[in-house]
Amino acid sequence: MKINKLSLLALLGVFILNSCSNDDDNLEPLPEGDYTDGFFVTNEGMFDGRGTVSFISDDLQTSDIDVYSTVNPSKSDLGQFVQSIFFDEDNAYVISNGSNYITVVDRYTFEYIGVIDSELSIPRYGEVVNGKAYVTNQGDFSTGADDYVAVIDLETLKVENTLIIGNKIDKLEEEDGLLYIQGSAFNDGNSINVLDPTSNTITTTFTTEGSLNSFDIEDGFIYALTRKDVESTDPLEKVAYLEKIDLATGNKSNQIVFSQATSVAKNLTIEDDTIYYMIGTSVYKIALSTSEEPSQALLTFSGNSAYGFDVEDDRIFIAQGTFDSDSFVEIYSLDGSLLKNITVGIGPNGFYFN
Amino acid sequence: MNFRFNCIFVGILLCAGFLYSQERTVTPLDSVYLTDSKLKEYSTGRDVLTLSDSILRQNRALLTNTLNFNTPIYFKENGLGMVSSPSFRGTTASQTAVLWNGININSQFNGQLDFNTINTGAYSEISVRGGGGSVVYGTGAIGGSVHLNTTLSFEKLQEHNLFLQYGSYNTRDARYHFKLGTDQWSLNLALSRNSSNNDYEYPNGGENLNGQFENTALNVGLGFKINNKNSIRIFSELFDGERHFSLIRASETATKYQDLNSKNLLEWESRFGDFTSITRVAYLDEYYKYFGNLNYDSFTFGRAKTFIAKYDLSYSVADNVTLNTVLTNTNTTGEGSSLGENDRNIFAAALLMKHQLGSDFKYELGFRKEATANYESPFLFSVGATKDFSEFFSLNVNASRNFRIPTYNDLYWSSAGNPDLLPEKSLQGQLSAVFNYNSLRLTITAYYNSVTDMIRWLPGSDGVWRPVNEDEVQIYGLESGLNWSKTFKNKHRFSLNATYAYTISENEETGYQLIYVPFHKATAGLNYNYKRLHTNLQFLYVGAVFTRSDNNSRYNLDAYTVGNFSLGYRLGKSEQFELGGRINNFLDAEYQSVENRWMPGRNYTMYLNFKL
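Everything quoted here is computed from the prediction, not taken from an experiment.

This part takes up the overall build of chain B. Scanning chain B for helices and strands turns up six helices and 33 strands. Taking 2.2 N^0.38 as the reference for a compact globule, 612 residues should give roughly 25 Å; the C-alpha atoms of chain B span a radius of gyration of 24 Å, in line with that estimate. Seen through its principal axes, chain B has C-alpha atoms that stretch 65 × 55 × 45 Å. For chain B, the residues scored as buried account for 56% of the 612 residues in total. Excluding contacts between residues fewer than 6 apart, the proportion of contacts in chain B whose partners are at least 24 apart in sequence is 62%. Of the roughly 25,500 Å² of accessible surface on chain B, a fraction of 57% belongs to carbon and sulfur atoms. Across chain B, the centroid of the 55 positively charged side chains sits 7 Å from that of the 58 negatively charged ones.

Rendered as C-alpha cells:
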C-alpha cells in the first residue's frame, strides 16, 4: 500500500518535474548506516526477559539477532515485551509495553538517541503526524474505559497530552492526515476510532458487526476482518467476516461470510489491491472486490504458530510464535514459494521496513 | 560445572567419613502425635528429611529460603520473597505436592504452591520426602512432597517460645509458639508475622522497587483424648498475605497480589480390637486477588472452596502385618475472573499394606484409584522395601506410579481451557544405600522417572494459548544426604548436614535439558556449640541453568554460591534467652535464580529468641 502511494507519487513526479533540469544537487543524500537496506523484526522476549530487535538485509543474506545490543552494548535494554516500532524521518521508536517506555534510535545505524519513559501505560503502537507521535496505551487490561492515546512531542521526548478514547485500542494507521485506531485488543472490541490530530478529538467512530481482529484502508474503504461466536458443540467455533465500510458515507456491508471453524481468518493486510490474511498457519489472498471465500491457500507456513505477519515489497513475511527459545521468520515470494528461513529472537511479532 | 566447589564438597564427605561419635539421632517421643502419620508409617524404601523448629528459626520465615538452604529442592525465585516455584528432582513447579497436616494444599488454580506464601513460623516441623507419593498424597506428588506439620504433645507441658528478628531492608520476623499439654489435652498454637520493605540494591546499580511484602499466619492444633479408645483433634490455619511484585525497570506497571487462605481439619480417632479408624473432615478456602495495575482499584481473583471427607481404617492382621484402606471424597467449588464457576468431585480409594519380615526386612504395597467426571484417572501403585544388611548398611528400594491432575486453569480458562486433558503420569523407581556409622548417616539415592502427558500451554494455530498433553520427560539422577554430629570433651558440639543432587531432566523429543533445572545443587549447614555460644554456617551452591528450551548456552544463568553465617549467645540462668546476629550472603555473591531477577547482596539481621 505504501509502495502503491510512492509509485503513484513517482509517476506524478515524472510528469510534473519533467520540465525541470536534472540537477543532482537537489537530490537528498542517501541515508548511511549498516541497517539502511533491510528490515527489522520486533521480538517480545520471554516473560522475565528483555525484548530485542533483529535485522535482516533486503537480500536476506545477512542478519543480526539483536541489533540494539550490537550497536549499544553499554545502554540499558529495550525493555520487556518489545511490541512495535514506528518511524519518523531518520529515527525509529521502539515500544516496550512491559516496561512502559519507548527507546529512540537512529533508524539506519540503530544508535541510541533517547528514551520516552513517563506517562505511558502499556503502550502498543505509534504513528507520527506533523512531528508529534500518537501512541496507543491500554492501561488497565480489565477495561477499555481508560485506554488513551499519548501525544508525544518528538523534540522534547515528553508526553504533552493524553486523549482518553474510552474503548480498548491497539494498532493505528494514518490516512489522509487522520488516524484510524483499531478499537479492539485481542479480538475484544468492535470499533474503529478516527482521531483528527489537528484538533486532538475523535471525529468519527465506525463500528463493526463482529469483534474486530484487524483492518486496513484502501481507496476510501475500510476492510476489516471480524468474528462472531456461533452456536456449536465446540465452544471454540466462530464465523469470520470480511466487512467493508465506506469512509465517506459510513455505509457498511459484509463482503465475505467465511465458513465456520475453530481457527478463523486473521491478520488482514492490503498490498497492491490485494487482500492478504491468514487462517491458522496458511496465507490466503483475494482481490479487493472479491466476495467469494477462496478455495485454496496461497501457502502454508512451516512453523506451528504464525505470530507476526506482513506483506511488503512483493514478499510475504511470517514469524513463528516461539516463546521459550530463539525463533525464526520465513520470507516467501508473492507466488507462495519460500525464499528463506532466518533465526530471530524470542516471540517475533512484527516487521518494519527501512 | 564448578569443579572446585565439587572437589571441596566431596572432600567434606570423605573427611566426615572418618569421624565418629557415640551420639544417636534422637527418636521422637511416643507422646508426640503427628496427624500425617502416613509419612512415618508408609515411607518404606524412602528417606524423609525433617527440619525441626530450631532449624526453621535459623532461616528466613519464607519456605523457599528454608528449603533452598537445607534440601536438594531447587527454587526459581523472582527476586527475594517474590513468586517462587520448586523443581524437585528435575520436575516442574506443579509436580511437588505440599501437604498441610496430611492434606494436599497445592492450588486448585495452577496446581502449584508458591513457596513464598508459606510462613514457616506457623509449623512445628517441616519434612521433605523425595520421589513419588500419589498413592497416599494424591495429585502432584511426582518429584516429591513437602509436609508442613503441627505436632501435639500429650504430656505435662507448658512452653512459650518467642522469636524476634530484625534485619536489612526493614525486614521484621516475629514468631510465637505456645505449647500446652497434659496426658489428656494438647494445644499447639503458632502465630507468625513477616514483613519487609525488600528494597535491596541490584549489582547493576538498580534497586528492587515495589518488592515489599507482609504476611501473617496463625496455626492452631488442639487434641483431646476422650478415653483410651477415642480421641478428637482439630487443626486450623489462617494465612493473610500481601505482596507487591518487584519491577525490573522503574517505569514498569506496579502490581500486587493478596492471599487469604484458611485450612481446617477435624479428626476423630477410634480404636476397637485390632482396628484403628480415623474419620476426617477438612475445609480449605483458597482466595487470591491480583491487582494488575496499582493505579487502579480493579483486580482479578480466584477462589476455591474444598470440602474433604476421609475415612482411614487400619487393621493389624498380625503383629507384623498391617492393612490400611483410605477412602477420600474431595469436592471443590471454584470460581475466578476468567474461569466462571465450576464444581469438581473426586472420589479416591487407596489400599495400603506393610509387612515386617524378620528384624531386617520390611516391605509395603499401595494402590490408589480415583473416580471423577473431569478426567480419566490412572491406576496408581507404590511398592517399597528396606533391607538391613548390617548395623551399618541398609538398602532401600521403591517404585511407584504417580499423577498430576489438570487444574482449574487448565480445564476451565475462558475460551482457552481444554476439557479433554489427561492427567500427567509418572512411572519411577529409586534405589538408596544408607550408611550408618555411630552418629554419621550417609544416604545415596539413584532414581529414574519417566513423566508422560505433561501439560503445557502452547499457542494454537489461531494464536490462542491452550493447554495440551504435550511433553514427555525423562529424569534421572543422584541425591545424597549427610548428617553427622559429635561432641568433643563434652564442650564442643559440632553437627553437619549436607545434601547434593545431580539431575538430568530432558525432553524426550528434543533431548534437551529442561530450562531452570540445574545439573548440580548442593547445600551444607555446620553448627558449632560451645557453652553458651552457638554459631551456624550455611552454604548453597546452584549450578548453571539453561533459560532457553534449545539449551542455547549464550543465555545461561551462571552458577552461584551463597553463604550465611550466624552467631548467638544464650543468656539467663537457664539459658532461656538467645541473642544473636546473622550475615546473609556474606560472600556478597551477585546472583539470580531467574533471568533479570537479582537477589540481595550481603545483608544483616539481629535476633532474640526467648523460651519459657
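More follows now that the structure is in view.
The next point concerns the overall build of chain A. Secondary structure assignment for chain A yields two helices and 28 strands. Taken over the C-alpha trace, chain A has a radius of gyration of 20 Å; the compact-globule value for 354 residues is 20 Å, and the two agree within 12%. Each of the three principal axes of chain A carries a C-alpha extent, and together these read 60 × 55 × 45 Å. The buried share among the 354 residues of chain A stands at 55%. Within chain A, residue pairs in contact and separated by at least 24 positions form 43% of the contacts whose partners lie at least 6 positions apart. On chain A, roughly 15,400 Å² of surface is accessible, and the fraction owed to carbon and sulfur atoms is 47%. Charge centroids of chain A, computed over 19 positive and 58 negative side chains, lie 5 Å from each other.

Okay, the environment of Ser-298 of chain B next. Secondary-structure assignment places Ser-298 of chain B in the loop between strand S16 (275-291) and strand S17 (300-318). Judged by its relative accessible area of 26%, Ser-298 of chain B falls in the partly exposed class. What Ser-298 of chain B contacts, discounting residues up to four positions off in sequence, is Asp-140 and Ser-142 of chain A together with Phe-291 and Gly-292 of chain B. A distance of 2.4 Å separates a polar atom in the side chain of Ser-298 of chain B from a polar atom in the side chain of Asp-140 of chain A. Separated by 3.5 Å, the side chains of Ser-298 of chain B and Ser-142 of chain A make a polar contact.

Moving on: the sheet that holds strand S14 (residues 188-196) of chain A. Residues and elements named next belong to chain A. Reading across the sheet, the four strands line up as S12-S13-S14-S15 and stay open at both edges, with antiparallel pairing between neighbours. With one partner strand each, in any of the chains shown, strand S12 (172-175) and strand S15 (201-207) form the two edges of the open sheet. Averaged over all pairs of adjacent strands, the angle between their axes in this sheet comes to 25 degrees, without regard to strand direction. Strand direction decides the pairing type here: S14 and S15, joined by six bridges, are antiparallel. Residue pairing across strands places Ser-191 opposite Thr-207, the latter belonging to S15.

Residues and elements named next belong to chain A. With six of its six residues buried, strand S1 (residues 38-43) lies for the most part within the structure. For S1 and strand S2 (residues 52-57), the ladder comprises six bridges, and the chain directions are antiparallel. Within S2, the residue paired with Gly-38 across the bridge is Ser-57. Where S1 lies against strand S28 (residues 348-353), five bridges are found, and the strand directions are antiparallel. Pairing of Phe-40 across the sheet is with Tyr-352, part of S28.

Further remarks concern the pattern of salt bridges. One pass over the structure, following the stated rule, counts 32 salt bridges over all chains. A salt bridge links Arg-124 of chain A to Asp-170 of chain A; the shortest N-O distance between them is 2.7 Å. Residue Arg-124 of chain A is located in strand S8 (residues 123-129), and its partner Asp-170 of chain A is located in the loop between strand S11 (158-164) and S12; the two are separated by 46 residues in the primary sequence. Exposure remark for Asp-170 of chain A: the relative accessible area of 7% places this residue in the buried category. Two residues, Asp-324 of chain A and Arg-456 of chain B, come together in a salt bridge whose shortest N-O distance is 2.9 Å. Placement of the pair is Asp-324 of chain A in the loop between strand S25 (315-320) and strand S26 (327-333) and Arg-456 of chain B in strand S24 (residues 440-459), with the two residues belonging to separate chains. The exposure class of Arg-456 of chain B is partly exposed, given its relative accessible area of 26%. Overlapping salt bridges, with partners in common, bring together Lys-38, Arg-233, Glu-267, Glu-269, Arg-271, Arg-280 and Asp-312 of chain B in one network.

Here the focus is unusual backbone geometry. Residues other than glycine predominantly adopt negative phi, and peptide bonds predominantly adopt the trans conformation. With a phi close to 50 degrees, Asp-176 of chain A is a non-glycine residue in the positive phi region. Relative to the elements of secondary structure, Asp-176 of chain A occurs in the loop between S12 and strand S13 (178-185). With a phi close to 60 degrees, Asn-490 of chain B is a non-glycine residue in the positive phi region. Within the element layout of this structure, Asn-490 of chain B appears in the loop between strand S25 (465-488) and strand S26 (492-507).

Together, Trp-185, Leu-222, Ile-226, Ile-232, Ile-234, Leu-266, Trp-268, Val-281, Tyr-283 and Phe-307 of chain B line one region of the surface with nonpolar side chains, adding up to about 840 Å² of accessible area. Mapped onto the elements, Trp-268 of chain B comes out in strand S15 (residues 255-272).

Thresholds applied
- Throughout this description, residue numbers start from 1 for each chain and increase along the sequence as written.
- Both sets of labels track the order of writing: A upward for chains, 1 upward for ligands.
- Given that the model is predicted, a residue must reach a pLDDT of at least 70 before its local features are reported, and side-chain atom pairs must reach 80 or more before they are shown or counted; all residues, however, enter totals for whole chains, interfaces and linings.
- To obtain the side-chain values, all non-hydrogen atoms of the structure were included, while hydrogens and water were left out.
- Helix and strand definitions here come from DSSP, where helices need a minimum of 4 consecutive H or I residues and strands a minimum of 2 consecutive E residues; each element is numbered from the N-terminal end.
- As defined in this context, the radius of gyration uses C-alpha atoms, and a globule is described by 2.2 Å times the residue total to the power 0.38.
- A 1.4 Å probe rolled over the protein chains alone gives each residue an accessible area, and that area as a share of the maximum for its type sets the label: buried under 20%, exposed over 50%, partly exposed in between.
- The contact criterion used throughout is that any non-hydrogen atoms of two residues lie within 4.5 Å.
- Working definition of accessibility: Shrake-Rupley area with a 1.4 Å probe, residue cover restricted to the visible protein chains.
- The sign given to each residue is positive for Lys and Arg and negative for Asp and Glu; His and the chain ends receive no count.
- Charge positions are represented by NZ for Lys, CZ for Arg, CG for Asp and CD for Glu.
- Definition of a polar contact: a pair of N or O atoms within 3.5 Å, with one able to donate and the other able to accept a hydrogen when the atoms are protein atoms, and with sequence-neighbouring residues admitted only if both atoms are side-chain atoms.
- The rule for pairing is simple: two strands pair if DSSP sees at least two bridges between them.
- Comment: axis = line fitted to C-alpha atoms, over the contacting stretch for helices; angle = value between 0 and 180 degrees taken between N-to-C directions.
- Salt bridges are defined by distance alone: a side-chain nitrogen of Lys or Arg within 4 Å of a carboxyl oxygen of Asp or Glu.
- The patch calculation keeps residues exceeding 30% relative accessible area without a salt bridge and links them within 9 Å when they carry like charges or within 5 Å when they are nonpolar (Val, Leu, Ile, Met, Phe, Trp, Tyr).

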